[in-house]
Amino acid sequence: MLKGVAGCIYKQEKGKMTPTVVPVIDVQTNNFKELWPAMVLAFKTSSFIALDTELSGLGARKALLAESIEDRYKAICHAARTRSVLSLGIACYKKLDDKADSTYLVQVYNLTLLCTEEYIIEPKSVQFLVQHGFDFNKQYAQGVPYNKGNDKGGDAHEPNVRTLFVELLRANKPLVVHNGLIDMVFLYQCFYAHLPERLGTFVADLSEMFPGGIYDTKYATEYELRFTASYLEYAYKKCKLDNAKSMQTGGEGPCLFLEFCDYSGCLQGYVDYRPCSDSQSHDSSLNICVQFSAYGWCPNGSQCPMSHDTDLIIQQDEKTKEDKRKKRKRRKKQKVTWGEMGGSPQDKRAHLEDKEEDLVPAEEMVTCETSAPVSEHQQVGGKETDATCTGEPGRTHDDKNGGGGSPAHGLTVGPGINTQHASEKDPTAASDGKVEGGTHRAGFDAFMTGYIFAFASILNQKPEESVAHPGIPGCQNKLYLSGKSVPLQVVKSTFSKSSKAHAHKMELVWGKKLLPSYNSWLL
């Protein structure tokens, strides 16, 4: 165990809500080797691992929503080959069997990365990341370097991001992502091997890379939990709210508890404590941005005059749901009364209440006027689709929630190019408007993804079943596909073969012993 890690003082006790802060360890070149043993140990001892990425862009949005899934895959592959992963978030959740209920020890890492090859970075992605606190100067000065595609030189025999990914595969734990198809393609190209040309081959490789299963919390949120919205921040805060309600009722329902390591000494300097305050009552008179409420993304960003407060959005959704419940109860009572009176009043209009129930109050239906048209990827074939098809707040976060720049305006950059101009924008610009999801960061997003999975697992848990191996029935190896009623099944087809690059890599993961120079870092 590393010096400076002692006990677990950040805990969530019975009757209390989620801790107010989440410790996220920043990993960069100056501490990568120092933190290596702790990260590998966290992989090996975890019950499941959640991942999230920040990307330099995604390219043509329309192609990412192609009707053909094969065409979508080709478009994502092109983006992965020409863009890069700027940051990787890893959250390791370990079930504590000696604790009551469902208690997890959580360790969160945020890796700042730097691709050593030339890649495209899209201005809109830069803008979004800067607004959310991403430091490009820090990335180019301290980012952990990595090569894309197949292993080069001594990549496979020394501690680096690619061998860390190998350790993650070797841990053989369930992998949890949110809207994760793009994540999986980028992880494969950047840290594993050259992407295969066919989707079937890629899926066959994934099924062998993660035998513990892949879970997509966006798919689980829409088809299992059935929340009103499914973007990451909404799903996380809705799970947190439901968990708090269960605690307040005396723990009658399933409850999730978290503990975090107490980092002291030199490690304390590596920790970024992310705010994670409990939901409070909000001013319900504020007008909610309908676009943001539905998709977690708004074309006006911080300049939108409407509220983007996710807590307020959930609060109004809960109120709407409660109002509908009361109307159904009142209607049922009226039917009983009418039955006793021998029928309904003659002037009663059929189904009127049903129609009224579906209407949204006028004061809540406020749209935000935009100076630019809604992004093209939000409309496919004349039908509106989920703007989060490319991630949560966009694969640069911005793209996961539907934002992002046009590839025509992308900038090709290499590791030696200074992007200081991106961070020289007025630092008060974002604060003049609303703060767009201030907690958004790859590490914290991975934490939120893991929280959703852990909570959904206990909701689906039968009393007699063990929770040592969490999972969501019906969601294993299913990746969410925007605009589709069925997910992408991560199952090897009898008609598809694994790629040669994957077969070679699997020998490194499972077949051959590591060289002594690499083993020394695991001690």
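Note that the structure is a prediction, hence the values are computed from the model and not measured. (Residues numbered from 1 in each chain as written. Predicted model: local features only at pLDDT ≥ 70, side-chain atom pairs only at ≥ 80, totals over all residues. Heavy atoms only, no water.)

> Tell me about helix H10 (residues 232-248), and name the residues and values.
The terminal C-alpha atoms of H10, which comprises 17 residues, lie 24 Å apart, in line with the 24 Å expected from a rise of 1.5 Å per residue. Extensive coverage of H10 is indicated by the burial of 13 of its 17 residues. (Helix = DSSP H or I, 4+ residues; strand = E, 2+ residues; numbered from the N terminus. Expected span 1.5 Å × (residues − 1). Buried < 20%, exposed > 50% of the residue type's maximum accessible area, 1.4 Å probe, protein only.)

> Residue-level account of the pattern of salt bridges, with values.
Charged atoms that come close allow side chains of opposite charge to pair. Under the defined criterion, the tally for this structure stands at 18 salt bridges. A salt bridge links Lys 99 to Glu 259, with the nearest nitrogen and oxygen atoms 3.4 Å apart. A residue pair is termed long-range when its members are at least 10 positions apart, and Lys 99 in the loop between strand E4 (85-95) and strand E5 (102-115) and Glu 259 in strand E10 (residues 256-263) qualify at 160 residues. With a relative accessible area of 31%, Lys 99 lands in the partly exposed category. For Glu 208, the salt bridge identified is with Lys 492, shortest N-O distance 3.2 Å. Here Lys 492 lies in the loop between strand E16 (488-489) and helix H17 (500-511) and Glu 208 lies in helix H8 (residues 199-209), a separation of 284 residues in the sequence. On the accessibility criterion, Glu 208 (30% relative accessible area) is partly exposed. For Lys 492, a relative accessible area of 38% corresponds to the partly exposed category. Linked through salt bridges whose partners overlap, the residues forming this network are Asp 26, Lys 138, Asp 272, Arg 274 and Arg 441. (Salt bridge = Lys/Arg side-chain N within 4 Å of Asp/Glu carboxyl O.)

> Give a description of unusual backbone geometry that names residues and reports values.
Non-glycine residue Asn 179 carries a positive phi angle of around 55°. One can find Asn 179 in the loop between strand E8 (175-177) and helix H7 (181-191). When its relative accessible area of 2% is taken as the criterion, Asn 179 is described as buried.

> Give a detailed account of the packing of H10 against helix H16 (residues 442-459), specifying residues and quantitative values.
Taken N-terminus to C-terminus, the directions of H10 and H16 make an angle of 50°; their axes are 9 Å apart at the nearest point. Between H10 and H16, the angle falls in the class oblique. As for how H10 packs across H16, the hand of that crossing is left-handed. Contacts from Leu 232, Glu 233, Ala 235, Tyr 236, Cys 239, Lys 240, Asp 242 and Asn 243 of H10 reach H16 at Phe 444, Asp 445, Phe 447, Met 448, Thr 449, Tyr 451, Ile 452 and Phe 455. Across the contact of H10 with H16, the residue classes tally to ten nonpolar, two polar and four charged. (Axes fitted to C-alpha atoms, helices over the stretch in contact; angles between N-to-C directions. Parallel < 35°, antiparallel > 145°, perpendicular 65-115°, else oblique. Left-handed = near helix turned anticlockwise from the far one by under 90°. Contact = heavy atoms within 4.5 Å. Nonpolar A, V, L, I, M, F, W, Y, C, P; charged D, E, K, R; others polar.)

> Can you tell me about the nonpolar core, naming the residues and giving the values?
Taken as a class, soluble globular proteins show a tendency for nonpolar side chains to be buried jointly. With 83 residues, the main nonpolar core has Leu 111, Met 184, Phe 191, Phe 202 and Phe 210 as its most contacted residues. Here Phe 202 is in contact with Tyr 73, Leu 181, Met 184, Val 185, Tyr 188, Leu 195 and Pro 196, once residues within four sequence places are set aside. (Core = buried A, V, L, I, M, F, W, Y, C linked by side-chain atoms within 4.5 Å.)

> Which residues make up the side chain of Arg 162, and what values do they have?
Within the secondary structure, Arg 162 is located in helix H6 (residues 161-171). Within the structure, Arg 162 has its side chain in polar contact with the backbone oxygen of Gly 149 (distance 2.5 Å). Those residues in contact with Arg 162, other than ones at most four positions away along the chain, are Asn 147, Lys 148, Gly 149, Asn 150, Asp 151, Asp 155, Cys 190, Phe 191, Tyr 192, Ala 193 and Lys 505. (Polar contact = N/O pair within 3.5 Å; in protein donor to acceptor, adjacent residues only side chain to side chain.)

> I'd like a description of the packing of aromatic side chains, backed by residues and values.
Enumeration according to the criterion identifies 23 aromatic pairs in this entry. Between Tyr 93 and Tyr 104, the ring centres sit 6.0 Å apart and the planes meet at 70°, which makes this aromatic pair edge-to-face. Of this pair, Tyr 93 sits in strand E4 while Tyr 104 sits in strand E5; the two residues are eleven residues apart in sequence, bridging distant segments of the chain. The burial state of Tyr 93 is the same as that of Tyr 104; both residues are buried. Every member of this aromatic cluster is reached through a ring pair, and the members are Phe 48, Tyr 93, Tyr 104, Tyr 215, Tyr 236, Phe 260, Phe 444, Phe 447, Tyr 451 and Phe 453. Its end group placed over the ring of Tyr 480, Lys 218 keeps NZ or CZ at 5.0 Å from the ring centre. (Phe/Tyr/Trp six-rings, centres within 6.5 Å; stacked < 30°, edge-to-face > 60°. Lys NZ or Arg CZ within 6 Å of the ring centre and 35° of its normal.)

> Residue-level account of the pairing of E5, with values.
Burial analysis of E5 places 14 of its 14 residues in the buried class, which makes it a mostly covered element. Every second residue of E5 is oriented toward a common face, with Ser 102, Tyr 104, Val 106, Val 108, Asn 110, Thr 112 and Leu 114 on one face and Thr 103, Leu 105, Gln 107, Tyr 109, Leu 111, Leu 113 and Cys 115 on the other, all of them buried. Where strand E2 (residues 21-27) meets E5, four bridges bridge the pair, whose relative direction is parallel. Counted as the bridge partner of Asp 26 is Asn 110 from E5. Examined bridge by bridge, E4 and E5 share nine bridges and lie antiparallel to one another. What sits directly across from Leu 88, in E5, is Leu 111. (Pairing = 2+ DSSP bridges.)

> Account for the side chain of Thr 221, with residues named and values stated.
Assignment of secondary structure puts Thr 221 in helix H9 (residues 217-225). Setting aside anything within four residues of it in sequence, one finds Thr 221 in contact with Arg 226, Phe 227, Ala 229, Ser 230, Ala 235 and Ile 452.

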